[in-house]
Structure formats: structure tokens, C-alpha cells
Amino acid sequence: MIHTIGYTQTKIYIKFSQCVNQIGLDATRRQVCCHQAGQQDALNCLTSTGRNTCFKKALAKSWSPLLSFGFSTTISLPLLPNSHPSKFSVMASKPNPINNENPQNTDASIITNINSPIFISSESLHSILSHHSLIQHFHSSLPTVSSTINTPIRQSYHVSPSSSLLLMPSWSSSPSLPYIGVKLVTYFPQNSTLNLPGVHANYVLFRSTTGQPLASMDGTVLTLYRTACVSGLASKILARNDSKVLVMIGAGALAPHLIKAHLAANPSLQKVIIWNRTIKKATDLAENLQGSNDYNGVCFESNESLEEIVELGDIVSCATNAEVPLVKGERLKAGAHLDLVGSFTHKMKECDDEAIRRGRVYVDNEAALVEAGELVGAFERGVIRKEDVGGNLVELIKDQKVGRRNSEEITVFKSVGSAVVDILAAQLVYETCVNNKF
């Protein structure tokens, strides 16, 4: 149960049967309260009058009945007049039976733990996550837990002729990742006429050992971070260590995250050039990043000539919905790293066959081999074979596959996303939130 307006979520250490006994509730109400306490919020067992009487008397007695007994529950208390939430945090290290009571008697006294799931907003996500920390988390966690994560094929339902609901579940059998996660995504392309985003997402996290709901968080922002950080981690492994220029193709919601992730992973970068079909969006993004003062020594600029700036890029990152290739392989400089993020259907492609032919190709996971338009088309036309793909991200991290072989080689990384990185990102958010009490 999620408690909201007008309540403060509180941890009370209390043996309710003795509390209500000592502060004057009648025997019938006490029996009903204690009988139901293990099944629902203890306070809801009392009538409004009884509840107010109980806690007003408890406050008047300086909480002495509560301090005497050590059973813990998380409950929601209506804030009483002239009270403060801190007054509802009463600590006791262990049960303290009195009057020769048997502490093992559970007939009417034990209150079960009731922990409300937390909601983590987009603003909180920005405070909790950094691209650097998530890249590190992926680098350390993917090799050890990816094989323990179950990721069924995502389910898609048409809720109207043009609108869809997508469900993307995953769960882990690893003690270090004791979670079940589900990303729920709605796709309503007609929302543009209402000046609303076409895609909305929420991510829900459960405890895998008990099924207990733990958290709900903004799935759109979570996806932006995890997508960008997968690309950042790949460029850390595959790009040249002396890369100076990042070319960002696209200036949508993902673009600033990709720029920040590549900068976090490649500290040698000194310049970022942004291109977008609508040049104003590219210019605005460059000005916003330059004005943030978060990247001293890095120059941000926009440019209208795509072919010109592709030739300059040590790292070229693409996040578009293009169905006609934007990056021409012949324009890529020797030693460049090409990061392809946007396409996820057979019709979509951000680079031409020449870029795939010239580069050594890597993927985030095996789904890219059957979903990404650049690769599916290249396989069909005989440009490369599936066996020519250099490896996936986990294999690169674990050194099971060879990454960049020399400074002249062109590397290509194609990502389509997965529930594996979703649940790992949600883990970092939730655990950071709990441990640091955001």
C-alpha cells in the first residue's frame, strides 16, 4: 500500500496489544485491533476516535508505552496537532517483555513488517544518477550477473489502431541482484497534437525473494541514462584513447545524455560538434552544454554540414529515427569509432553499407543482429556475415573478444537496448536512494 497526502510514513517499535491496554482502550477494541494488526496497518484497526485517543495519550505519556516494547512495523500516522514527524520515530533494540509476558506469544501481538514502496521522480533520478557512476556500475556488474538475468521477449499490445502498450520484464537469480523489474511503456504518437510526449514509461522494482514491491521510477529518464551509458562504456573500450572530437548526430532527448556519457568515458575529448536536421535544436543544445560550466576545457558547437563534420569525428554518435543513411562510410576517418543508437527496426538505418564494411562491428547484445536495420540489411546483401561481428559488450568487458586492434581500425558499435541494463540501472537507483536516504 502506498500512503500519500496527510500521512507521515513512520517506523514504530511497539507491541500493540500492550500499548492499547496501557493507554486505556476498552477490551473489545483492543482485541479487534491486535487480531487484525498482522493483516493490515495497525492504526486502521481502530476507529477514528480510538486512533486519536491512542496516540494522543501516547504523546502525553512521552511514548513510555511504545518505548517498552520492541516490535517493529512501518505505518502511516495522521499528523496530530502540535506534533512533528520526528516524534513518531521511536527506537528499541529488542523486545522487552514485562509483567512476565511470554515474548513467543504471537496470538494477538506481533505486527508484521509493512513497507511502502517508494516513488522516484525524474528530478530525483537526475540527483541520484550520474553517467560516470552508471558506466562504472555496468562495467563491474554486467560480467558477473548478466548470465543470471532472465529477460523474456517483450510483449506489445495494441490499445488502439495507433497506440501500444509494451511490457519488458526481467528478473535475477543472483544474491547480488535480488530483484524483479518490469518496464511499462506506452506509445501514443498522436500526442504531438496535444503537445505531449509520444512515449511514456515507468519502471517497477520488486524484491525477487518475496515479491514485495520496492520502488517505482520514471522509466523514460532511466532509459535515457542506461542507453547513453551503454554507448559510453562501449566507446571507453573501442574508441582510441587519444580521441579529441565527438560528433553528435541528432539533438533530441537522448543527445545530451550520449554527449555526457562519451565525455565521462573518454576524458581526452576536447570538442563536441552537434548536427541536427533542424539546426536551431543543435545550436540550442550546444549553447546549453557550453553554458553549464560542467565541462571545463571542452568546446561545444553546432554545424550544418553533416558530411564535413563526420570526417572530423574521432567518435561519431548517432541518435535519430533515420530510414535513409546519414553517415557515409567513405567519410569516416581512419581510427574512428561509430556509435549507432537510433535504429530498432529493419527499415531504420543511420549508416550505409560502406560504414559496416569498413568497420569492425560489435553489438550490445544478440538482439541487435535481428533487429537493427543497418545489420540486417548488411547481412542480407552479403556485406558482412553474422560470424564477422566482433562480439558483444559483455564479451568485450570480460576480454573474451578482442576490441580495437590498432589505431587505424574503424570500430562500429550498434545497440538496441535490453532489459538486462534496465534492471541494473534500476538497482543502482534504488540502492543509492535507500543507502543515501534521498
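As shown above, the structure is provided for reference.
About the thresholds
- Each chain has its residues counted from 1, following the order in which its sequence is written.
- Two thresholds apply to this predicted model, a pLDDT of at least 70 for residue-level local features and 80 or more for giving and counting side-chain atom pairs, whereas whole-chain, interface and lining totals are computed over all residues.
- Remark: hydrogens and water are excluded; side-chain values derive from all non-hydrogen atoms of the structure.
- Segments assigned H or I by DSSP are reported as helices when at least four residues long, segments assigned E as strands when at least two residues long, and all are numbered from the N terminus.
- Burial classification: accessible surface area is computed with a 1.4 Å probe over protein chains only, and a residue below 20% of its type maximum counts as buried, one above 50% as exposed, and the rest as partly exposed.
- Surface exposure here means Shrake-Rupley accessible area, sampled with a 1.4 Å probe, where a residue is shielded only by the protein chains that are shown.
- In this description, a line fitted to the C-alpha atoms serves as the axis of each element, helices being fitted only across the stretch in contact, and the angle between N-to-C directions of two axes falls anywhere from 0 to 180 degrees.
- Every angle not falling under 35 degrees, over 145, or within 65 to 115 is termed oblique; those three ranges are roughly parallel, roughly antiparallel and roughly perpendicular.
- Should the near helix be turned anticlockwise from the far one by less than a right angle, the crossing is termed left-handed; should it be turned clockwise, right-handed.
- Residue contacts are defined here by distance: any two heavy atoms, one from each residue, within 4.5 Å place the two residues in contact.
- How far a helix is expected to stretch is found by multiplying one less than its residue total by 1.5 Å.
- In protein, a polar contact means a hydrogen-donor-capable atom and an acceptor-capable atom, both N or O and within 3.5 Å, with residues adjacent in sequence counting only if both atoms are side-chain atoms; elsewhere, any N or O pair within 3.5 Å suffices.
- Strand pairing requires that DSSP identify at least two bridges connecting the strands.
- Here, a salt bridge means any side-chain nitrogen of Lys or Arg that lies within 4 Å of a carboxyl oxygen of Asp or Glu.
- Working definition: a ring pair exists when centres of Phe, Tyr or Trp rings (six-membered ring for Trp) sit within 6.5 Å. Plane angles under 30 degrees give stacked, over 60 give edge-to-face, the rest tilted.
- As used here, the term nonpolar core means buried Ala, Val, Leu, Ile, Met, Phe, Trp, Tyr and Cys residues forming a set that is joined through side-chain atoms within 4.5 Å.
- The arc in question is traced by the directions running from the helix axis to the C-beta atoms.

Q: Help me out: how do you make sense of the overall build of the chain in this one?
A: Summing up its helical and strand segments, the chain has 15 helices and 16 strands in all. Across the 438 residues that make up the chain, the buried fraction comes to 50%. Within the structure as shown, the chain displays about 20800 Å² of accessible surface, and the carbon and sulfur contribution to it stands at 50%.

Q: Please clarify how the packing of helix α7 (residues 219–238) against helix α15 (residues 419–436) should be interpreted in this entry.
A: Each packed pair of helices is defined by two parameters, the angle between the axes and the distance between the axes. Two numbers describe how α7 lies on α15: the axes approach to 10 Å, and their chain directions differ by 115 degrees. Relative to α15, α7 is oriented roughly perpendicular. Between α7 and α15 the crossing geometry is right-handed. In this structure, α7 contributes L222, T223, R226 and V230 to the contact, and α15 contributes V421, D422, A425, A426 and V429.

Q: Just to check I follow, could you spell out α7 for this structure?
A: Think of an α-helix as 3.6 residues a turn; residues three or four steps apart then line up on the same face. The first and last C-alpha atoms of α7 sit 28 Å apart over 20 residues, in line with the 28 Å expected at 1.5 Å per residue. Most of α7 sits inside the fold, with 16 of its 20 residues counted as buried. Capping the start of α7, D218 holds a side-chain oxygen 2.9 Å from the backbone nitrogen of T220, two or three residues further along.

Q: Honestly, the sheet that holds strand β13 (residues 315–318) in this entry has me stumped. Any pointers?
A: Two strands in a sheet stick together by hydrogen bonds in their backbones, pointing the same way (parallel) or opposite ways (antiparallel). Here 7 strands make up an open sheet; going across it, the order is β12-β11-β10-β13-β14-β16-β15 and the pairing parallel. The strands lining the two open edges of the sheet, one partner per strand, are β12 (299–302) and β15 (360–363). The mean angle between the axes of side-by-side strands here comes to 15 degrees, regardless of whether they run parallel or antiparallel. In this sheet, strand β16 (residues 411–414) lies alongside strand β14 (residues 337–340) in parallel orientation, the contact comprising 4 bridges. Looking at β16, one finds that L340 is bridged to K414. Along the sheet, α7 makes contact with β13, β14, β15 and β16, crossing β16 at roughly 160 degrees. In the packing of helix α8 (residues 255–265) onto the sheet, contacts are made with β10 (245–249), β11 (271–275), β12, β13 and β14, and the angle to β10 comes to roughly 160 degrees.

Q: Would you explain the side chain of S172 in this entry?
A: Position of S172 relative to the elements: it lies in strand β6 (residues 163–172). Relative accessible area serves as the criterion here: at 6%, S172 is assigned to the buried category. A distance of 3.0 Å separates a polar atom in the side chain of S172 from the backbone nitrogen of S174. The residues contacting S172, other than those within four sequence positions of it, are T148, I149, L177, Y179 and S208.

Q: Looking at this structure, how should I read the pattern of salt bridges?
A: When the charged atoms of two side chains with opposite charge come close together, those side chains can pair. Under the criterion given, the structure shown has 12 salt bridges. The partner of R381 in a salt bridge is D353, with the nearest N and O atoms 2.7 Å apart. Here D353 lies in helix α11 (residues 353–358) and R381 lies in the loop between α13 (373–380) and α14 (393–397), a separation of 28 residues in the sequence. Residue class for D353 comes out partly exposed when judged on its relative accessible area of 24%.

Q: Looking at this model, I keep getting lost on the packing of aromatic side chains. Mind explaining?
A: The description of an aromatic ring pair uses the distance of the two centres, along with the angle that the planes make with each other. Under the defined criterion, the tally for this structure stands at 2 aromatic pairs. On the basis of an interplanar angle of 80 degrees and a centroid distance of 6.1 Å, the ring pair of Y179 and Y430 is categorised as edge-to-face. Pair noted here: Y179 is in strand β7 (residues 179–187) and Y430 is in helix α15, with a separation of 251 residues, a long-range link. Residue Y179 is classed as buried on the basis of its relative accessible area, which comes to 2%. When its relative accessible area of 11% is taken as the criterion, Y430 is described as buried. Between Y295 and F300, the ring centres sit 6.0 Å apart and the planes meet at 65 degrees, which makes this aromatic pair edge-to-face.

Q: Explanation requested: the nonpolar core in the structure shown.
A: Most often, soluble globular proteins keep nonpolar side chains buried together rather than apart. If you look at the biggest cluster of nonpolar residues, it comprises 66 residues, and the most contacted ones within it are F138, L142, L222, I259 and I274. Discounting residues that sit within four places of it in the chain, F138 has contacts with P143, R226, C229, V230, L233, I397, V421, L424 and A425. Formed by 31 residues, the second largest nonpolar core is a distinct cluster that contains W275, V310, I356 and V363.

Q: Would you explain the side chain of N365 in this entry?
A: For N365, the position within the fold is in the loop between β15 and α12 (368–371). With relative accessibility at 18%, the residue N365 sits in the buried group. Side chain to side chain, N365 and D364 meet in a polar contact 3.1 Å long. Excluding its chain neighbours within four sequence positions, the residues that come into contact with N365 are N392, V416, G417 and S418.

Q: What am I meant to see in the pairing of β16 here?
A: Regular strands place side chains that alternate from one sheet face to the opposite one. Going residue by residue along β16, you find T411 and F413 tucked away on one face and V412 and K414 tucked away on the opposite face as well. Of the pairings in the sheet, the one linking β15 to β16 comprises 4 bridges and is parallel in character. From the neighbouring strand, V361 faces β16, where its bridge partner is V412.

Q: Is there a simple way to explain the environment of L165 in this structure?
A: In this structure, L165 sits in strand β6. The sequence separation of L165 and T186 amounts to 21 residues, and the corresponding C-alpha distance is 4.6 Å. Beyond its immediate chain neighbours, meaning those up to four positions away, L165 contacts Q155, S156, Y157, V159, V185 and T186.

Q: How do you make sense of helix α9 (residues 279–291) when you look at a structure like this?
A: Counted at 1.5 Å a residue, the expected span for α9 with its 13 residues is 18 Å, and the 18 Å between its end C-alpha atoms agrees. For α9, the full list of buried residues reads A282, L285, A286 and L289. For α9, the angular spread of buried residues about the axis comes to 100 degrees, placing them on one side. More than 90 degrees from the buried face of α9, the exposed residues found are K280, E287 and N288. Those residues of α9 hidden inside the fold are in contact with α8, β11 and β12. Within two residues after α9, N293 carries a phi angle of roughly 60 degrees, on the positive side.

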